[in-house]
Amino acid sequence: MPPMPGKTLYDKIWDAHVVAEQDGEAILYIDLHLIHEVTTPQAFAGLRANRRPVRRPDRTLAVADHNVPTEGQELGVDAVADEEARLQLQTLGKNVADYGIEFFPMGDIRNGIVHVVGPEQGRTQPGMTIVCGDSHTSTHGAFGALAHGIGTSEVEHVLATQTLRQKKAKNFRVRIEGEPAPGVGAKDFALAVIGEIGTAGGTGYVIEYAGSAVRALSMEGRMTLCNLTIEGGARAGLVAPDETTFEYLKGRPASPKGGAWEMALSYWKTFFTDEDAAFDREIVLDAAKIAPTVTWGTSPEDVVAVTGVVPSPDSFATPDKRASAARALQYMGLSAGQPITEATVDVVFIGSCTNSRIEDLRSAAKIAAKALEGGRKVAEGVRAMVVPGSGLVRAQAEEEGLDEIFKAAGFEWREPGCSMCLGMNPDKLTPGQRCASTSNRNFEGRQGRDGRTHLMSPAMAAAAAIAGHIADVRDYL
Amino acid sequence: MEAFTRLDAKAAPLPLANIDTDQIIPKQFLKTVERAGLAKGLFYEYRFDQQGREIPDFVLNQPAYKGAGVLVAGDNFGCGSSREHAPWALMDFGIRCVISTSFADIFYNNCFQNGLLPVVLKAEEVQQLMDEARGGNHVVSVDLETQTVTSPSGAVFTFEIDPKRKAKMLKGLDAIGETLEAAPAIDTYEMKRALAQPWLEGA
Ligand code: SF4
């Protein structure tokens, strides 16, 4: 018998979840379904209209994150000023009560951004399939789980059947090898990868991140990396589980305990890519060559090293690209050839499911503390906000005294939520404002109408807050 | 999705062509978090005047057509935006079948996702149904199995429908319904998983 070809991590998770095949599609079992207020109301309405139950309320978890204001949360949903937001939040509350789904409502310390809460609670585990009506569900791939975003009709499908109809994607491996320079981390890796492959480079693929620089990342760093996978066009990103993963999971509320822990551990350890597995595409990046990276334009692929200059539209290969670069420069209020560090910022946003975990806050607080030592604070006229990803992250940060550092340095210390990532709640940019942001999308209008977004790491964002313009974090370490 | 096999119901004539989805359900009713409850917005501009008073002349406001389950309409029904709110609103109002000479594509597809039967008949047949529906007895029978519509006077018209769509409609299968046909396989999968990964049960 010829030897079986090796399998990738993705192949293994896929194979472990195929329930049946129908009309060339697989019916894939879903282990964990995360839901929030924005993409679920019509899905529940659909269930009701068809008198269908939720198949596995116990494998579903709800949070309130997209619409919530980041202050005054203890006042509850009724105090939310925006009428539509309030209605969506109330509707979620009613739906989860009707169907017996666990819910961390606004003001609950366990509540927060859906992609922060899942891992923090130990719900996200290796080898799982995870879906949520939000494209950054790819975050959970950091645990070696196949995780991606779905639409409202699919949310209804998963609620009703605990499965999803899917066609299999191709395998793409991104290896990042070597040791990064100080001040360079997961966010810079992710932006560098997108800059390399483009925003459509991952379309049709699931990306597995590998290599020594990825192995060396903490779980928070891996989550940042997988979070941004969707911006490279791939539906899901994966990092094979290892000791770092298991260490993170141990003792979390929903992690297996006692004998079940050992059993789970041996199951999780089967999720890795075989030596002889083949990838449809592979790239290798040298971590040492990656500089602190920021975006200059209105697409996440518009990246430049912080030491670089704003590119000229003429430098792009195709007429389409030249036209969109020219449009981006105009929108961003930048000119070709200008050093990116000349861009002065009005707002600094440290938060979002990309960078609002404890480690992110620590790295930003370190810059703030250093500035304080030198007698410096957030630059005059800059509004800098720190929005922890969950109530528990916020509590942990307060225990470590990070909030005191931020506040002393002139940062606002806010309550958890998606906040200024998407401009759907009161935290928004006003037209023309420039923002150093740790979020994931720099599209036109994403953070508020005519707002200008520069994506970067938490440490870089903190440095920008102190400098009042985009700055090289290495000068602030 | 509700199955559609046979329907005996009052037919309301709406002799207008190109009824678009904005007429079926105007924009201001789209901000809802529900699919249900859209009946109040159905044909809003036809049913209510500027002051929100019922317009007694409109067919669906006439007592004789109360509880109508079939709508007989002019050419190209359901054109315009792709909003799925249009079939939702019709269904919510109690309409289970729309008969016309032609339908806009997206609306036609959306109907099948939601258990609303769109029936295409010849122009003269539609005309005859309209005329008869205006008379004293306006109950028609729509039988999907035999692909026939029987007029109040007993005239029988046959219609065409894609066999796959027909089969799903008869069983009330939408994408979810289709997947649920594999329910035994899902059950088996879950049983195996419960044994292999017991820590995921009863969390
Ligand atoms: S923080 Fe932004 S990207 Fe993340 S879940 Fe919220 S809105 Fe989506």
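Because the structure is predicted, anything quoted here is derived from the model rather than measured.

Rules used in this analysis
- Residues numbered from 1 in each chain as written.
- Chains lettered and ligands numbered in written order.
- Predicted model: local features only at pLDDT ≥ 70, side-chain atom pairs only at ≥ 80, totals over all residues.
- Heavy atoms only, no water.
- Helix = DSSP H or I, 4+ residues; strand = E, 2+ residues; numbered from the N terminus.
- Rg over C-alpha atoms; globule rule 2.2 N^0.38 Å.
- Buried < 20%, exposed > 50% of the residue type's maximum accessible area, 1.4 Å probe, protein only.
- Contact = heavy atoms within 4.5 Å.
- Areas by Shrake-Rupley, 256 points an atom, 1.4 Å probe, with all protein chains shown as cover.
- Lys, Arg positive; Asp, Glu negative; His and termini not counted.
- Charge placed at Lys NZ, Arg CZ, Asp CG, Glu CD.
- Phe/Tyr/Trp six-rings, centres within 6.5 Å; stacked < 30°, edge-to-face > 60°.
- Lys NZ or Arg CZ within 6 Å of the ring centre and 35° of its normal.
- Pairing = 2+ DSSP bridges.
- Buried area = accessible area lost by both parts, 1.4 Å probe.
- Salt bridge = Lys/Arg side-chain N within 4 Å of Asp/Glu carboxyl O.
- Polar contact = N/O pair within 3.5 Å; in protein donor to acceptor, adjacent residues only side chain to side chain.
- Near = heavy atom within 4 Å.
- Nonpolar A, V, L, I, M, F, W, Y, C, P; charged D, E, K, R; others polar.
- Axes fitted to C-alpha atoms, helices over the stretch in contact; angles between N-to-C directions.
- Parallel < 35°, antiparallel > 145°, perpendicular 65-115°, else oblique.
- Left-handed = near helix turned anticlockwise from the far one by under 90°.
- Domains from an automatic or database assignment.
- Expected span 1.5 Å × (residues − 1).

Student: Please clarify how the overall build of chain A should be interpreted in this entry.
Tutor: Check the secondary structure of chain A and you find 15 helices and 19 strands. For 477 residues, the compact-globule formula gives about 23 Å, and the C-alpha radius of gyration of chain A, at 22 Å, lands near that figure. If one aligns the C-alpha atoms of chain A with their principal axes, the spans along those axes are about 60 × 60 × 45 Å. Split into buried and exposed, the 477 residues of chain A put 62% on the buried side. For chain A, long-range pairs separated by at least 24 residues make up 76% of all intrachain contacts whose partners lie at least 6 apart in sequence. For chain A, the exposed surface amounts to about 17,000 Å²; the carbon and sulfur share of it is 51%. On chain A, the mean spot of the 48 positive side-chain charges and the mean spot of the 61 negative ones are 2 Å from each other.

Student: Please explain the packing of aromatic side chains as it appears in this structure.
Tutor: Counting across every chain of the model gives 22 aromatic pairs over all chains. Plain terms: the ring middles of Phe43(B) and Phe58(B) are 6.1 Å apart, the flat faces sit at 55 degrees to each other, and that makes the pair tilted. Taken together, the residues Phe43(B) in the loop between α1 (21-24) and α2 (44-47) and Phe58(B) in the loop between α2 and β2 (70-73) connect sequence positions 15 residues apart. Both residues of the pair, Phe43(B) and Phe58(B), belong to the buried class. Judged by centre distance (6.3 Å) and plane angle (15 degrees), the rings of Phe103(B) and Phe107(B) are stacked. Taking relative accessible area as the criterion, Phe103(B) reaches 12% and is therefore assigned buried. Three or more aromatic residues joined by ring pairs make a cluster, and in this case those are Phe246(A), Trp261(A), Tyr267(A), Trp268(A), Phe271(A) and Trp199(B). Between Lys12(A) and the ring centre of Phe272(A), over which it is positioned, the NZ or CZ distance is 3.7 Å. Across from the ring centre of Tyr248(A), 3.8 Å away, lies the NZ or CZ of Arg252(A), which sits over that ring.

Student: Help me understand the pairing of strand β19 (residues 452-455) of chain A in this model?
Tutor: Within a regular strand, side chains alternate between the sheet's two faces. Residue and element names in this part refer to chain A. Where burial is concerned, the two faces of β19 agree: the one with Arg-452 and His-454 and the one with Thr-453 and Leu-455 are both buried. Note that strand β18 (residues 434-437) and β19 share four bridges and pair parallel. Its bridge partner lying in β19, Arg-434 is registered against Arg-452.

Student: Looking at this structure, how should I read the interface of chain A and chain B?
Tutor: Note: interface size is frequently given as the accessible area lost on complex formation between the parts. With 41 residues of chain A in contact, the opposing surface of chain B contributes 31 residues. Approximately 3,100 Å² of surface area, both sides summed, lies buried where chain A meets chain B, with 53% of it carried by carbon and sulfur atoms. A per-residue breakdown of the area chain A buries against chain B is headed by Gln42(A), Arg52(A) and Arg55(A), which together make up 18% of the total. For the interface between chain A and chain B, the tally reads six salt bridges. Counting every contact that joins chain A to chain B gives 13 residue pairs in polar contact (both at pLDDT 80 or more).

Student: Sorry if this is basic, but what is going on with the site of the ligand here?
Tutor: Contacts to the ligand come from His66(A), Ile113(A), His115(A), Asp134(A), His136(A), Ser352(A), Cys353(A), Cys418(A), Cys421(A), Leu422(A), Asn440(A) and Arg446(A). Among the residues forming the shell around the ligand, the class breakdown is five nonpolar, five polar and two charged.

Student: Can you help me understand the side chain of Thr438(A) in this one?
Tutor: Residues and elements named next belong to chain A. As for its placement among the helices and strands, Thr-438 is situated in the loop between β18 and β19. Using a relative accessible area of 0% as the deciding quantity, one classes Thr-438 as buried. Apart from residues no more than four positions distant in its own chain, Thr-438 is found in contact with Lys-187, Phe-349, Ile-350, Gly-351, Ser-352, Thr-354, Asn-355, Met-456, Ser-457, Pro-458 and Ala-461.

Student: Hey, could you run me through the side chain of Ser299(A) in this one?
Tutor: Residues and elements named next belong to chain A. Tracing the backbone through its elements, the reader meets Ser-299 in the loop between β13 (293-295) and β14 (303-305). The exposure class assigned to Ser-299 is buried, which follows from its relative accessible area of 16%. Excluding its chain neighbours within four sequence positions, the residues that come into contact with Ser-299 are Thr-199 and Asn-442.

Student: Help me understand the packing of helix α12 (residues 358-373) of chain A against helix α15 (residues 458-467) of chain A in this model?
Tutor: Geometrically, a packed helix pair is captured by the angle between its two axes and the distance between the axes. Residues and elements named next belong to chain A. Here α12 crosses α15 at 30 degrees, and the two axes come no closer than 8 Å. Taken together, the axis directions place α12 and α15 in an arrangement best described as roughly parallel. Considering only the axes of α12 and α15, their crossing is right-handed. Residue-level contacts link Asp-360, Ser-363, Ala-364, Ile-367 and Ala-371 of α12 to Pro-458, Ala-459, Ala-462, Ala-463 and Ile-466 of α15. Considered class by class, the residues forming the contact of α12 with α15 number eight nonpolar, one polar and one charged.

Student: How should the domain arrangement of chain B be read in this particular structure?
Tutor: All names here are of chain B. Domain parsing of chain B yields domain 1 (6-172) and domain 2 (174-202). In this structure, domain 1 and domain 2 have C-alpha centres spaced 38 Å apart. Listed per partner, the contact involves four residues of domain 1 and four residues of domain 2. For the pair domain 1 and domain 2, the summed buried surface comes to about 300 Å²; carbon and sulfur atoms form 36% of the total. Where domain 1 packs against domain 2, one counts two salt bridges. Joining domain 1 to domain 2, the criterion identifies two residue pairs in polar contact (both at pLDDT 80 or more). Taken together, the residues that form the side of domain 1 that touches domain 2 break down as no nonpolar, two polar and two charged.

Student: Even after reading the chapter, I still don't get the sheet that holds strand β5 (residues 102-104) of chain A, so can you show me in this structure?
Tutor: Within a sheet, neighbouring strands are paired by backbone hydrogen bonds and run either parallel or antiparallel to one another. All names here are of chain A. As summarised here, the arrangement of the five strands in space is β5-β4-β3-β6-β7, forming an open sheet in which the pairing is parallel. With partners counted over all chains shown, the strands left at the sheet margins are β5 and β7 (146-149), one partner each. The average angle at which neighbouring strand axes cross in this sheet is 20 degrees, direction not considered. The pairing of strand β3 (residues 32-35) with strand β6 (residues 129-132) spans three bridges and is classified as parallel. In the strand pairing of β6, His-33 is matched with Val-131.

Student: Please clarify how the packing of helix α2 (residues 41-49) of chain A against helix α5 (residues 152-161) of chain A should be interpreted in this entry.
Tutor: Residue and element names in this part refer to chain A. Interhelical geometry of α2 versus α5 gives an angle of 50 degrees and a closest axis separation of 8 Å. As far as their axial angle goes, α5 and α2 are oblique. Between α2 and α5 lies a crossing whose hand is right-handed. Only Thr-152, Val-155, Glu-156, Leu-159 and Ala-160 of α5 make contact with α2, whose side of the interface consists of Gln-42, Ala-43, Phe-44, Gly-46 and Leu-47. Taken together, the residues of the contact of α2 with α5 break down into six nonpolar, three polar and one charged.

Student: Explanation requested: the pattern of salt bridges in the structure shown.
Tutor: When the charged atoms of two side chains lie near each other, side chains of opposite charge can form a pair. In the structure shown here, the tally under the stated rule is 43 salt bridges over all chains. Close ionic contact of Arg327(A) with Glu444(A) constitutes a salt bridge, the shortest N to O distance being 2.9 Å. Here Glu444(A) lies in the loop between β18 and β19 and Arg327(A) lies in helix α11 (residues 319-332), a separation of 117 residues in the sequence. Exposure remark for Arg327(A): the relative accessible area of 52% places this residue in the exposed category. With relative accessibility at 35%, the residue Glu444(A) sits in the partly exposed group. Here Asp450(A) and Arg449(A) are joined by a salt bridge, their closest N and O atoms 3.4 Å apart. For Arg449(A), a relative accessible area of 64% puts it in the exposed group. It is possible to trace a salt-bridge network through shared partners that takes in Asp31(A), Arg55(A), Arg56(A), Asp58(A), Asp187(B), Glu190(B), Arg193(B) and Glu201(B).

Student: Hey, could you run me through helix α8 (residues 183-196) of chain B in this one?
Tutor: Given 3.6 residues per turn, any residue in an α-helix points the same way as the ones three and four places further on. A rise of 1.5 Å per residue sets the reference length of α8(B), with its 14 residues, at 20 Å; its end C-alpha atoms lie 20 Å apart and thus fit the reference within 8%. Where α8(B) is buried, its residues meet β1 (18-22), β2 (25-29), α5 and β8 (163-166) of chain A together with α7 (175-180) of chain B.

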